[in-house]
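Geometric and topological summary
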Amino acid sequence: MYKKRRVVVTGLGVIAPNGVGKDFFWQGLVSGKNCVVRVTRFNADNFYSQMAGEIHNFNPAVYIDKEKIPFIDRAFQFAIASAKLAINDSKLKLEEENKEKIGTFVGLGVGGVNIAEPQFNFYATKGPESISPYLYLSWFPSACSGYISLEFKLKGQSNVISTGCTSATDAIGLGYCTIRDNLQDIILAGGTEAPLTPETFNSFCSLRALSHRNDTPEKASRPFDKERDGFILAEGAGIIILEELKHALERKAKIYGEIVGYGASFTAYHMTSLEPTGEESARAMKEALEAGQIENEQVGYLCAHGSSTPINGKMETVAIKRVFGKYAYKIPISSIKSMLGHPPGAAGAMQTITSLLVMEKNFIPPTINYQNPDPDCDLDYVPNSARPAQVEVTLINTSGFAGRCAALAIKRYFN
Amino acid sequence: MENKTKQFYQQTNKKRVVITGLGVIAPNGIGKEAFWKSLLDGQSGIKKLTRFSYETENNQVAGEIQGFDALSYFKTKEIRHTDRSNRYAIAAALMALEDSRLDLEGENRQEIGSIIGNAVGGVEFANKELNVLRDFGPKRGSPFLSVAFFPCGTGGLLSIRLGLKGETLTVCNGNTSGTDAMGMAYRIIQEGKNEVMFAGGTEAPLISAFLCSFDKLGVLSKITDNPQKASRPFNQDTGGFVLSEGAGILVLEELEHALRRKANIYCEIAGYQNNNSAYDSFHTDTNGTEMKRAINDVFKEANIEPENVDYINTHGLCIKEYDIMEMNSIEYIFKERNDSFLISAISPITGNTLGAQGALQGITSAMAIKNKIVPPLINCELPYSKEFSKHLTKKSCKKDINFVLQTSCCFMGKNSCLLLNDYRG
């Protein structure tokens, strides 16, 4: 019989509103630090929502040649930088590796809008002279994985997966399948997003998907709280190193955990609303658990989608109960979006990194801003402060745009 | 399939994958019959640009979709709320569904999904909305922008329309997106995740800002007085591509599933490989080191030799270094191994539809195998090399095709290869 290979995670790279690198990211999460602020990247005074999870201390010149920076969109810069952090963390010596066996799978929701939007505006107001020849190269999502492959001379598969809010979960899940099925040995997988431009931001405002609590940004992202009124758009990236187990063992790599299952489904219900029974969302989670041969009672932490929209809190709770039954009440569930906001294409990667760090540090980060219990959301959301816990298996749940659901099951590594 | 034997499939537990439906909306024809006829006749779909006026002299040609009656697929309201790229793909998928005679009512829709390739998202809708935002402020913004604009909108709309609950993915790999979507769908069915996949690509990039930017980059054809001759891959005077729009969707199906319902099988998919040259964001390695590897890998996957290939369906990007790269890769692999294969490219007839191009190639591969005809490579009056010109066909040509190699390449070093073969039990 054809044997499936095991896939482990050996490096983490993250750039999030709470900091650059996994250490700042983790410190921010366990201390329950809010990162939601009034938008400063553009003037949002006339917008329905005026808050975001922004990254303020990112210097692209640390990671990318100065002369290339103006041609690489902010979203792609985040991805390149996170990949660099992940490679450093993994202690991979790329020059000694067979780069034909190393691929790049990146999730991205939108595209290079930070360059494209001003370009389109220039074109409309100032005419053709103002347009850059590099518009396409700095706009098209394909560049996202392309720049990473180019930067590290990785000659394996290079794919950009765009499935909205589940993009990064899907990129990691597909990357896991690719190594498992012996098509690559190592994959840089994750997602990135830099959607804080007027038009992209407004596309979410017009959907009334964002929080309107403009006077108190620090209280605006409140997943599972009764007063939640929408999500907070954020930016950032997360890239992890997926590696075939034997390969990792041979080079004595530090192993954060093992990806044991990936499940995905589609509700086919509505482009921007959630399906009420939670059937498909539950199916994605079940598939991930079944693939990893995991019993419900083994799951020690669930890193929820928890976007803070009124419907998400309710439906995700329903779906979790569908999967776990009574045991749902015993699982610590938290949403890191309560602190960071929601970076659509990167969310799944940040959740995955969180889950791996939970197993390493034996702490579960909280859902902050949880003040008013909602009868529709009656599970254990680890309210407001981090909690010590020894966790052996975590489940990552994401759902979003158009009705795509994706989940990953991750296990502490034992041989 | 004689080479990759049944034993292989039994040993690996992998499923076989066939193509059972085609839907296409292209500048050279709407529907598979019109599309195929224009390919065989060598009738290019490139014409003078009509959608908007464009002041730069250089590029007045484009591959526009003309005569597409959106109202026969969508309500007026739906047309207002979607981008052109959404509509092309959904209409092409409905054509493919009809062509496949698949009765969705009787199917388990958790086993049916879609993978759409797309390079730039709904830029026409986004550009229009950007003008609204600038001139009238954020309150006038359309709630339909996100769906029309984000690349994943198309797959979502399609799956909702058809009630598909299986894998719903969007792959954004530029020009290789269509081939990659087919390849990924093939893998998903192969490993038993889904039984049927709607796979292909869609693109509607014809906005003046893109044309202007591409022109400045120097990648557009300078021939504007004779649109039929404007797109000319593999020529010594190849000077750039013609930007086009369109969509191609194919129904990929697990073999036993197709046999059970006595489906019309166009061909089988025998292998898929993609990799990255990691050479430059814009330029390519003209040696084609990685493209050669992709081709060799796909042969290895299918357990065939270069001798088995009858027809190579090239990408023909019409950018000189990319054409040379594709040609060098093919020459290197086939030289002294195979003298009888034929080469063509559809790009002189379709233009460059970016994320849809691989899907249009896929439809061409399927039609070629089914009809045992290789479509011609037109506009190739001055081929780069003699070796290459031996394999060109200037008129459509009868050929008993077993294996077709389909190659795609793109900026950012992306190379993809798909191998298709005649289904012979």
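As the structure is a prediction and not an experimental result, all values here were calculated from the model. (Residues numbered from 1 in each chain as written. Chains lettered and ligands numbered in written order. Predicted model: local features only at pLDDT ≥ 70, side-chain atom pairs only at ≥ 80, totals over all residues. Heavy atoms only, no water.)

1. Description of the packing of aromatic side chains
Convention followed: Pairs were defined over the aromatic rings of Phe, Tyr and Trp, the Trp ring being its six-membered one, requiring ring centres within 6.5 Å. Orientation was assigned from the angle between planes: stacked under 30 degrees, edge-to-face over 60, tilted for the rest. Secondary structure elements are taken from DSSP: a helix is a run of H or I of four residues or more, a strand is a run of E of two residues or more, and numbering for both begins at the N terminus. The rule is simple: take the accessible area with a 1.4 Å probe, protein chains only, and divide by the maximum for that residue type; under 20% is buried, over 50% is exposed, in between is partly exposed. Either the NZ atom of lysine or the CZ atom of arginine qualifies as a charge over a ring when it sits within 6 Å of the ring centre and within 35 degrees of the ring normal.
All chains considered together, the criterion is met by 32 aromatic pairs over all chains. For the pair F299(B) and F334(B), a centre-to-centre distance of 6.0 Å together with 85° between the ring planes defines the contact as edge-to-face. Separated by 35 residues along the polypeptide, F299(B) in helix α11 (residues 289-302) and F334(B) in helix α12 (residues 320-334) bring together distant segments of the chain. Here F299(B) matches F334(B) in class, with each residue buried. Considering the side-chain rings of Y322(B) and F411(B), the 5.8 Å spacing of their centres and the 75° angle between planes classify their relative orientation as edge-to-face. With Y322(B) in helix α12 and F411(B) in the loop between β14 (403-410) and β15 (414-421), the pair connects residues that are 89 residues apart, well separated along the chain. Of the two residues, Y322(B) and F411(B), both sit in the buried class. Over the ring of Y176(A) we find R180(A); its NZ or CZ atom is 5.6 Å from the centre of that ring. The cationic tip of K128(B) hangs over the ring face of F125(B); the distance from NZ or CZ to the ring centre is 5.0 Å.

2. Topic: the pairing of strand β14 (residues 393-400) of chain A
All names here are of chain A. Note the threshold: Strand pairing is assigned whenever DSSP detects at least two bridges linking the two strands.
Of all 8 residues in β14, 8 are buried, a share of seventy percent or more. Burial along β14 is two-sided: V393, L395, N397 and S399 and T394, I396, T398 and G400, pointing in opposite directions, are all buried. Note: β14 against strand β15 (residues 404-411), 8 bridges, orientation antiparallel. When the bridges of β15 are listed, L395 appears paired with A409. Counting the residues in the hairpin turn of β14 and β15 gives 3 residues, including A402, whose phi is positive at 75°.

3. Details of empty space enclosed by the protein
If a probe as big as a water molecule is rolled over the atoms, it shows which places are left empty. Residues and elements named next belong to chain A. The test is simple: Each cavity reported here is a set of points on a 1 Å grid over the protein atoms alone in which a 1.4 Å probe fits but cannot get out, each pocket an open set with protein on both sides within 12 Å along at least five of seven lines, and each lining residue one with an atom within 4 Å of a point. Grid points are joined across faces, edges and corners, and a volume is the space filled by probe spheres set on the points. Classification convention: Asp, Glu, Lys, Arg as charged; Ala, Val, Leu, Ile, Met, Phe, Trp, Tyr, Cys, Pro as nonpolar; all other residues, Gly among them, as polar.
This structure, assessed with the given rule, holds 8 cavities of 30 Å³ or more. Its volume calculated, the largest cavity comes out at about 130 Å³. Lining the largest cavity are 17 residues, with L274, E275, S281, M315 and S399 positioned closest to its centre. Here the lining of the largest cavity gets 4 residues from one element, more than from any other, and that element is helix α10 (residues 310-324). The residue makeup of the lining of the largest cavity, split by class, is 4 nonpolar, 8 polar and 5 charged.

4. Notes on the domain arrangement of chain B
All names here are of chain B. Put simply, the test is: Where each domain starts and ends comes from a domain assignment, either automatic or drawn from a database. Note on definitions: buried area is the accessible-area loss of two parts on being combined, 1.4 Å probe, summed for both. A side-chain nitrogen of Lys or Arg and a carboxyl oxygen of Asp or Glu constitute a salt bridge if their distance falls within 4 Å.
Structurally, chain B comprises domain 1 (6-260) and domain 2 (272-421). Interface of domain 1 and domain 2: buried area, both sides summed, is about 4,900 Å²; carbon and sulfur atoms make up 66% of it. Among the residues of domain 1 in contact with domain 2, W36, N175 and F234 are the three that bury the most area, contributing 19% of the side total. The tally of links from domain 1 across to domain 2 stands at 2 salt bridges. Residues R232 and E381 are paired through a salt bridge, measuring 2.6 Å at the closest nitrogen-oxygen approach. Put simply, the parts of the chain that give the side of domain 1 that touches domain 2 at least two residues each are β1 (17-26), α2 (32-41), α8 (177-190), β7 (196-203) and β8 (246-254). Among the elements that take part in the side of domain 1 that touches domain 2, α8 stands out by supplying 9 residues, more than any other. A per-class count over the side of domain 1 that touches domain 2 returns 27 nonpolar, 30 polar and 8 charged.

5. A word on the packing of helix α4 (residues 84-100) of chain B against helix α7 (residues 153-162) of chain B
Residues and elements named next belong to chain B. How we decide: To get an axis, a line is fitted to the C-alpha atoms, and for a helix only the part in contact is used. The angle between two axes follows their N-to-C directions and goes from 0 to 180 degrees. Comment on the angle field: the value is read as roughly parallel under 35 degrees, roughly antiparallel over 145, roughly perpendicular from 65 to 115, and oblique elsewhere. Should the near helix be turned counterclockwise from the far one by less than a right angle, the crossing is left-handed, whereas a clockwise turn marks it as right-handed. Residues are treated as being in contact if the distance between any of their heavy atoms lies within 4.5 Å.
Interaxial distance between α4 and α7 falls to 9 Å at its minimum, and their mutual angle equals 40°. When the axes of α4 and α7 are compared, the pair comes out oblique. The handedness of the crossing between α4 and α7 comes out as right-handed. Contact residues: α4 offers S85, N86, A89, I90, A93, L94 and L97, while α7 offers G153, T154, L157, L158, R161 and L162. When its residues are assigned to classes, the contact of α4 with α7 shows 8 nonpolar, 4 polar and 1 charged.

6. What to know about the pattern of salt bridges
All names here are of chain A. Counting across every chain of the model gives 46 salt bridges over all chains. A salt bridge links D170 to R404; its shortest N-O distance comes to 2.7 Å. Of this pair, D170 sits in helix α6 (residues 167-180) while R404 sits in strand β15, placing them 234 residues apart in sequence. This pair shows no difference in class: D170 is buried, exactly as R404 is.

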